[in-house]
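A structural walkthrough
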Amino acid sequence: MRISRWARAVAMGVGGGFLAVSATTATAATPVGDSRAVPKESDAAWGAAAAARFWTADRMEAATPLRSSVETARGVRASVASAARAQTDYEGSKTIGVLYFVDKGMAKHNCTASVVHSPKGNLILTAGHCGNGDKYAFVPQYRTGKTPAQQPHGIWAVDRVFKDPRRTDHGPGSDLDFAFATVKPDEHGRQVEDRTGANTLTRTPRYDLSVTVIGYPSARHAPKDQAIKCRTKTTRLTGYKQLRMKCGGFFGGTSGSPWLMDFDDRTKTGKVVGNLGGAGGGGATDSVSYAPFYDDEVFKLYDDAVRDAAVVERPPLPATLGTGETWQHTKHMATGDYTGDGKADLLVVWTDGEVTLHPGNGKGGFTGERRLKKPNATWKHATALTGGDFTGGALSDLMVRWSDGEVTLYPDVSASGFGTETKLAAAGSRWKKAAQLTAGRFGGGNKTDDVVVRWTDGEVSLYSDVDGRGFKKKTRLHKPGATWKRTALLTGGDFTGTALGDLFVRWSDGERTVHKDVSPAGPGTKTRMGAPGALWKHAKVMTAGAYTAGGRPDDLIVRWSDGEVSLYADTTAKLGREVTLVPPKVS
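Residues numbered from 1 in each chain as written. Predicted model: local features only at pLDDT ≥ 70, side-chain atom pairs only at ≥ 80, totals over all residues. Heavy atoms only, no water.

Here the focus is the overall build of the chain. What the chain contains, in helices and strands, is eight helices and 39 strands. By the burial criterion, 58% of the 587 residues in the chain qualify as buried. A separation threshold of at least 6 residues defines the contact pool for the chain, and within that pool the share at least 24 residues apart is 57%. Counting only carbon and sulfur atoms, one obtains 50% of the accessible surface of the chain, whose full area is about 22,700 Å². (Helix = DSSP H or I, 4+ residues; strand = E, 2+ residues; numbered from the N terminus. Buried < 20%, exposed > 50% of the residue type's maximum accessible area, 1.4 Å probe, protein only. Contact = heavy atoms within 4.5 Å. Areas by Shrake-Rupley, 256 points an atom, 1.4 Å probe, with all protein chains shown as cover.)

Next up on the list: unusual backbone geometry. Positioned with a positive phi, Lys135 is a non-glycine residue whose angle comes to about 55 degrees. Along the chain, the position of Lys135 falls in strand S7 (residues 134–140). Look at Lys135 and you get buried, because its relative accessible area is 0%. Even without being a glycine, Asp465 presents a positive backbone phi close to 50 degrees.

With respect to the helices, strands and loops of the structure, Gln436 is situated in strand S28 (residues 434–440). A polar contact is formed between the side chain of Gln436 and the backbone oxygen of Thr487, at a distance of 3.1 Å. A polar contact is formed between the side chain of Gln436 and the backbone oxygen of Ala488, at a distance of 2.7 Å. Gln436 has contacts with Val452, Val453, Arg454, Thr487, Ala488, Leu489 and Leu490, leaving out every residue within four places of it along the chain. (Polar contact = N/O pair within 3.5 Å; in protein donor to acceptor, adjacent residues only side chain to side chain.)

Here the focus is the pairing of strand S34 (residues 512–516). In terms of burial, S34 is largely enclosed, as four of its five residues are buried. Both strand S33 (residues 502–507) and S34 contribute to a ladder of four bridges, which runs antiparallel. Residue pairing in the sheet places Phe504 in a bridge with Val514 of S34. Linkage of S33 to S34, two consecutive antiparallel strands, is achieved through a turn of four residues, within which Gly510 is found at a positive phi near 95 degrees. (Pairing = 2+ DSSP bridges.)

This brings us to the state of the cysteines. The final tally for this structure, using the stated rule, is two disulfides. Residue pairing for Cys111: its cysteine sulfur links by disulfide to Cys130, the two sulfurs lying 2.0 Å apart. Every disulfide takes its handedness from the sign of the S-S torsion; for Cys111 and Cys130 that torsion is -85 degrees, giving left-handed. Of this pair, Cys111 sits in strand S5 (residues 108–116) while Cys130 sits in the loop between strand S6 (123–126) and S7, placing them 19 residues apart in sequence. One exposure class covers both Cys111 and Cys130, and it is buried. With its sulfur 2.1 Å from that of its partner, Cys230 forms a disulfide with Cys247. Handedness of the Cys230-Cys247 disulfide follows from its S-S torsion of about 115 degrees: it is right-handed. (Disulfide = S-S within 2.5 Å.)

A few words now on the sheet that holds strand S10 (residues 200–201). One open sheet holds the six strands; their spatial order is S3-S12-S11-S15-S16-S10, and the pairing between them is mixed. Of all strands in the sheet, those with a lone pairing partner are strand S3 (88–90) and S10, marking the two edges. The pairing of S10 with strand S16 (residues 269–275) spans two bridges and is classified as parallel. Looking at the pairing, Leu201 lines up with Val272 of S16.

Turning our eyes to something else, we now look at the pattern of salt bridges. A complete count under the given rule lists 28 salt bridges for this structure. The residue Asp265 makes a salt bridge to Lys229 at a minimum N-O spacing of 3.4 Å. Taken as a pair, Asp265 in the loop between strand S15 (258–264) and S16 and Lys229 in strand S12 (residues 227–233) lie far apart in primary sequence, 36 residues in all. The shortest N-O distance in the salt bridge between Arg314 and Asp304 comes to 2.9 Å. A residue pair is termed long-range when its members are at least 10 positions apart, and Arg314 in strand S19 (residues 311–314) and Asp304 in helix H6 (residues 296–306) qualify at ten residues. By the burial criterion, Arg314 is buried, and Asp304 matches it. Taken together, the shared-partner salt bridges in this structure form one network comprising Asp164, Arg166, Glu297, Lys300, Asp304, Arg307 and Arg314. (Salt bridge = Lys/Arg side-chain N within 4 Å of Asp/Glu carboxyl O.)

Before going further, it helps to spend a moment on the packing of aromatic side chains. In the structure shown here, the tally under the stated rule is 22 aromatic pairs. Measuring from centroid to centroid gives 4.9 Å for Trp327 and Trp350, while their planes differ by 65 degrees, and the two rings are edge-to-face. Remark: Trp350 occurs in strand S21 (residues 345–350) and Trp327 occurs in helix H7 (residues 324–327); sequence separation between them is 23 residues. Trp350 carries the same exposure label as Trp327, and that label is buried. Through pairs of rings, three or more aromatic residues link up here, namely Phe495, Phe504, Trp536, Trp560 and Tyr568. The residue whose ring lies beneath Arg430 is Trp455, and the NZ or CZ to ring-centre distance is 3.8 Å. (Phe/Tyr/Trp six-rings, centres within 6.5 Å; stacked < 30°, edge-to-face > 60°. Lys NZ or Arg CZ within 6 Å of the ring centre and 35° of its normal.)

Take the confidence of the model for the chain next. Averaged over every residue, the pLDDT of the chain is 88; the share at 70 or more is 89%. Segment residues 28–40 is flagged for pLDDT under 50; beyond a separation of four residues in sequence, or across chains, it makes 22 contacts in the model. A low-confidence stretch, residues 68–85 stays under pLDDT 50, and its non-local contacts, those more than four residues away or across chains, total 48 contacts. (pLDDT = per-residue confidence, 0-100.)

A few words now on the sheet that holds strand S17 (residues 283–285). Spatially, four strands are ordered S13-S14-S18-S17 in an open sheet, and the strand pairing comes out antiparallel. Whereas interior strands pair on both sides, the edge strands pair on one side only; in this sheet they are strand S13 (235–236) and S17.

Attention now moves to H6. Residues of H6 that are buried: Glu297, Val298, Leu301, Tyr302, Asp304 and Ala305. On an axial view of H6, the arc spanned by its buried residues comes to 160 degrees, and they lie on one face. Where H6 is buried, its residues meet S6, strand S8 (156–163), strand S9 (179–183), S10 and S19. Measuring from the backbone nitrogen of Glu297 back to the side-chain oxygen at the start of H6 gives 3.0 Å, which picks out Asp295 as the cap. Once H6 ends, the next one or two residues include Asp308, with phi positive near 60 degrees. (Arc of directions from axis to C-beta.)

See the structure below:
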């Protein structure tokens, strides 16, 4: 089954205006009138002395990582730790330590944080998913079993936490998994940077970097609560603005760990170009971790923290369709104008039989999701389908070939549902051998009512002027044979800008071809778009339509094996500009 609907809804980020979040104070999350054993302090009273009273040695040792999806994975998947583990135990750095806090349920948690240089010398950096809680305290170069007074650089009360309100665990919002916090002075009035020094916040120059990553795993995996250090090289997490590294030992508790470029072993400082966080909460296992790519967004948040902004405001992220974890379960896609606004919409049939409609905005994006059918056994049997205009109504129609060979037509499909069903071919008919079908203007008319069918024996047929009465005018475009048996995917569109429709074909070996001006006169002129190769073997579902402002059905949508969904705008005999609609499943 696909992941739950809320996971997709969180990732979509649709809507206008601005998103805002008030900077979290160190005590704001404590429920009013709560009787559990967490003392309530006023904002003014939460300082170094209060933090030292609350965060005793036992409480610090008892703290656990957050139970986000990735922290849970890190906590339970010890068996997948890399045999080539590159991390080493480390004495730590004064600028890096453990960030403690409690959640609304009063459970005690820990992440990793680091001091970054700021005008006031009072700023630390961590992961955005560590930014919801109460009783925040930072312990630089933490030592297990020591009281706050015995910690080498003291314990510091966090004043306010600043995070981007658009951050999510998955999807584009996971690129924003960073947070800053202001730290109150110690009992002598000194700022944390005066005691520890600081690392320098730096824009990430590129995805392939040599970095040093330092963090504090939870006590379960590091009984001494000792820091670990890994020197490694990064790559890009495909589909995201995030760095990726392979290094074992980064279990729960290491979220927020700084990724340092040009780390100086003498001063134990460097340039921070990322922090452990991102897709799913920071990584897939203890040996695969991610970090947001630092661009303008991290510096906007830094500026908010430096000026102590009362509210962090951001415009919504562009709407997306969801996550690769969800879209791996896409079985079929069909294009049509199902909302009547003249813009191409995307209809999706999922492996569990659910059918959803995603209205297009005419700019290559989508405005939401409408469920047309909840998961059911019937639509699991949809074997091939295509959108078209077969009845001349105001809305597009949907043609479906079922597993038993029946073919049905649904006129004027809309956000309200499918309406009346018309049978075009009976169960058990030859149509059981129709492997693929796609509609287009292959007869030169104004309606998308011509259907190309590729049969299991390799024959390719064109049915012209299809309507509710069935398939009347058949033309053989290719006789049965081995060549067209190799067709993996095909879709109709107008990629060459002439009066006749074209076919886009993905072959079993990864080759792509465009067949110009398909008509009853012949199969058109074949142009190779791309040579055989492994990449396009991963293209699993495909459709084309007028999704962008050009108006022609020349925008290609592809769902890949890892769940990524790409739109190639204004495709011709060459692929058009690629837009990621859904990032790939995280790995």
